[in-house]
Amino acid sequence: MALSLYLPRARGLHRLHPLTKLWLALFLFICGLALPGVLGAYAAFVALVVPLALWGAVLRPLLVAAGRVVLPFAVSLVLVQGLFWPRGTPLFGWGPLSFKLEGLLFAVRSTGRILMVVSSFLLFALTTRPDALALTLAQRGVPKSLTYILVATLQIIPRFQARAATILAAQQSRGLEIHGNLRRRVRALLPLIAPLVLGSLVDIEERAIALESRGFSRQGPKTSLLVLPDTRGQALARRLLAVASLAVVVMRLWVG
Amino acid sequence: MITIEHLTYTYPATSRPALQDLSLHIPAGQFCAIVGANGAGKSTLCYALTGFVPHFYRGRMEGRLQVAGHDIAVTPPSALVGLVGLVFANPFNQITGACYTVREEVAFGLENLGVPPAAMEQRIAQALALTGLTDLADRSPFALSGGQQQRLALAAVLAMQPRVLVLDEPTSQLDPVGTREVFAILAALAAQQDTTVVLVSHALEWVATHADRVIVLMAGRLVADGPPTEVLTRPELESWGVGTTRYTQAARRAQAQGLVPPGRPLPVTLSQAVAFWS
């Protein structure tokens, strides 16, 4: 229903505090960018991301989602970098075009980095409820109006799309032509956008009143039904992850 | 519980007042229905009782309006949270969007009031039981039907245990089944008599059955005020744009045609109609 990657599970990564997972994602992100060698990022993927995804029981969805994002990059990187690398060892060629080893290696390394960046985000998003993240942020002093926007947008965008589809169908049934040349399409926009925007403005006013009458901007201490269990072990793990992230960066800068 | 003295309110950028010289007293525990044509000022009155008029809409307010001991002129809506609850017509717009389950949706207001988690659980369970949503507690609020969403909006407000419950056409966007469910909840509430209910509704037959008192507004003014049997049988109702129940209509025609001896009081509910015809 909501725009969210979250997959409910009752064990593993899902039970960690969102903050722990945020630090974990940051560590994986840094590893992906900083580990040396053509295959450094892939080593991190196999050694860290795969076991964590298995623990969270989200390996398959992670691979599918990561594949969808990374594959188009991989194809274009290999083609562009392989064919247009300025100097290097040609592997094979057709006429004036030749495919260079150095370009291929660069493309493989870049793909590995993209893979790690995407999977560190996915690992977090697949195992963390957006409202748990919002609560974590709110508990750390982020204003509730901002965390509300974070969560509500994810849930309300699909409703907005549904309404846009309804308006489109309604106007088409009254004879609105939405196919054809550019001029016709542009002219068709107004009868679609006007009801959508005006309707949404009315909705926003009502929603603001509904939120206010439920104490949204009330001053004073607030409580939460959702409890995010945290442990000393996790607090320690977060410190270790912070130190390890820093260590990887320092190592990268020193070793080069 | 509610005292209104010579209240006149004008929305910004309009010249005609939405409420004109309105005076009214609603004692604690009363179930008071407000009827009237479109533009009569019913919604404005609801917003005034909850502080959104004048604090959200601005505009000019004169006269005095006291709700649960608070002077609305100086009390913003956020200070009335938990004292005065508001439910309105569109079920979808009352869903916060910040909650993934029905339970959490009901908890939203309680969290903002700072209710401790244990008490929260108890109040949520009560509100869900009263509105018949217990079985749907773990569903997404967006996966509910319109009638269920409206009951959820009602549950979310009831969990905050307001002393005054204001409902602005809570069934106007519902089908007959949804309407019946919402009114059944309101009837149960009215029977407890610890909540003051102000209900704006066009559903006259339900109003006649459940309300202690009916107030008619027209063009921002109070034109009739009294028990349902008296107000809902007034001959001026049509000209006020309110209409009459089918029981009253049938009885009036029968009297006009001499089928029933004149002088019998006109019915507004089914049981009164049965008595009228027997």
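Here the residue index of a chain counts from 1 through its sequence in written order. Naming scheme: in the order in which they are written, chains are lettered from A and ligands are numbered from 1. Only residues with pLDDT of at least 70 are given local features in this predicted model, and only at 80 or more are side-chain atom pairs given and counted; all residues enter the totals for whole chains, interfaces and linings. To get the side-chain values, take all heavy atoms of the structure and skip hydrogens and water.

Trainee: Looking at this model, I keep getting lost on the pattern of salt bridges. Mind explaining?
Mentor: A side chain of one charge can pair with a side chain of the opposite charge if their charged atoms are brought near each other. Any Lys or Arg side-chain nitrogen located within 4 Å of an Asp or Glu carboxyl oxygen qualifies as a salt bridge. Under the counting rule described, the total for this entry stands at 13 salt bridges over all chains. Its salt-bridge partner being Arg129(A), residue Glu104(B) comes within 2.8 Å of it at the nearest N-O pair. Of this pair, Glu104(B) sits in helix α4 (residues 102–113) while Arg129(A) sits in the loop between α4 (101–127) and α5 (130–139), on two different chains. For Glu104(B), a relative accessible area of 13% corresponds to the buried category. Residues joined by salt bridges that share partners form a network here, namely Arg129(A), Asp131(A) and Glu104(B). Going along the chain from the N terminus, every DSSP run of H or I of four or more residues is numbered as a helix, and every run of E of two or more is numbered as a strand. Only protein chains enter the accessibility calculation, which uses a 1.4 Å probe. A residue is then buried if its area is under 20% of the maximum for its type, exposed if over 50%, and partly exposed in between.

Trainee: Can you help me understand the sheet that holds strand β9 (residues 213–218) of chain B in this one?
Mentor: Strand-to-strand pairing in sheets goes through backbone hydrogen bonds, with the strands running parallel or antiparallel. All names here are of chain B. In this description, strands pair whenever DSSP reports at least two bridges between them. The strand order across the open sheet formed by six strands is β6-β7-β8-β3-β9-β10, and the pairing between neighbours is mixed. In this open sheet, the two strands that pair with only one neighbour each are β6 (84–87) and β10 (221–226). Between one strand axis and the next, the sheet turns by 15° as a mean value, whatever way the strands run. Across five bridges, the pairing between β9 and β10 is antiparallel. The residue bridging Ile215 from the neighbouring strand is Asp225, located in β10. Axis angles are defined between N-to-C directions and span 0 to 180 degrees, where every axis is a line fitted to C-alpha atoms and, for a helix, only to the segment in contact.

Trainee: So what exactly am I meant to see when it comes to α5(A) here?
Mentor: Each turn of an α-helix holds 3.6 residues, which means side chains three or four residues apart point in the same direction. In terms of residue burial, α5(A) counts as a mostly covered element, since seven of its 10 residues are buried. Where α5(A) is buried, its residues meet α1 (18–34), α4 and α6 (144–173) of chain A together with α4 of chain B. A positive phi of about 95° marks Gly141(A), the residue just after α5(A). Pairs of residues are marked as contacts when any of their non-hydrogen atoms sit within 4.5 Å.

Trainee: Before we go on, may I ask you to explain the sheet that holds strand β1 (residues 2–10) of chain B in this structure?
Mentor: All names here are of chain B. Taken together, the four strands give an open sheet; going across it, the order is β2-β1-β4-β5, and neighbouring strands pair in antiparallel fashion. Lying at the two open borders of the sheet, with one neighbouring strand each, are β2 (19–26) and β5 (70–71). Relative to β5, strand β4 (residues 60–67) runs antiparallel, the two being bridged by two bridges. When the bridges of β5 are listed, Val67 appears paired with His70. Sheet strands in contact with helix α1 (residues 42–49) are β1, β2 and β4, and its direction is about 120° off that of β1.

Trainee: In this structure, what is going on with the domain arrangement of chain A? I would like to understand it.
Mentor: Many descriptions give the size of an interface as the accessible area lost when the pieces come together. Residues and elements named next belong to chain A. Start and end positions for the domains come from either an automated domain assignment or a database one. Here chain A is partitioned into domain 1 (10–128) and domain 2 (130–215). Inter-centroid distance (C-alpha atoms) of domain 1 to domain 2 is 34 Å. Taken residue by residue, the interface counts six residues in domain 1 and five residues in domain 2. A quick way to say it: buried area is the sum, across both parts, of accessible area lost when two parts are put together, with a 1.4 Å probe. Both faces considered, domain 1 and domain 2 share a buried interface measuring about 460 Å² in area, 76% of it formed by carbon and sulfur atoms. A per-residue breakdown of the area domain 1 buries against domain 2 is headed by Pro18, Leu19 and Thr128, which together make up 64% of the total. The interface formed by domain 1 and domain 2 includes zero salt bridges. By the criterion applied in these results, polar contacts are pairs of N or O atoms within 3.5 Å in which, for protein atoms, one can donate a hydrogen and the other can accept it, and in which residues neighboring in sequence qualify only through two side-chain atoms. The interface formed by domain 1 and domain 2 holds zero residue pairs in polar contact (both at pLDDT 80 or more) in total. For the side of domain 1 that touches domain 2, the leading source of residues is α1, giving three residues. Under the grouping applied here, Gly and all other residues not named as nonpolar or charged are polar, the nonpolar ones being Ala, Val, Leu, Ile, Met, Phe, Trp, Tyr, Cys and Pro and the charged ones Asp, Glu, Lys and Arg. When the residues that make up the side of domain 1 that touches domain 2 are grouped by side-chain class, the tally is four nonpolar, two polar and no charged.

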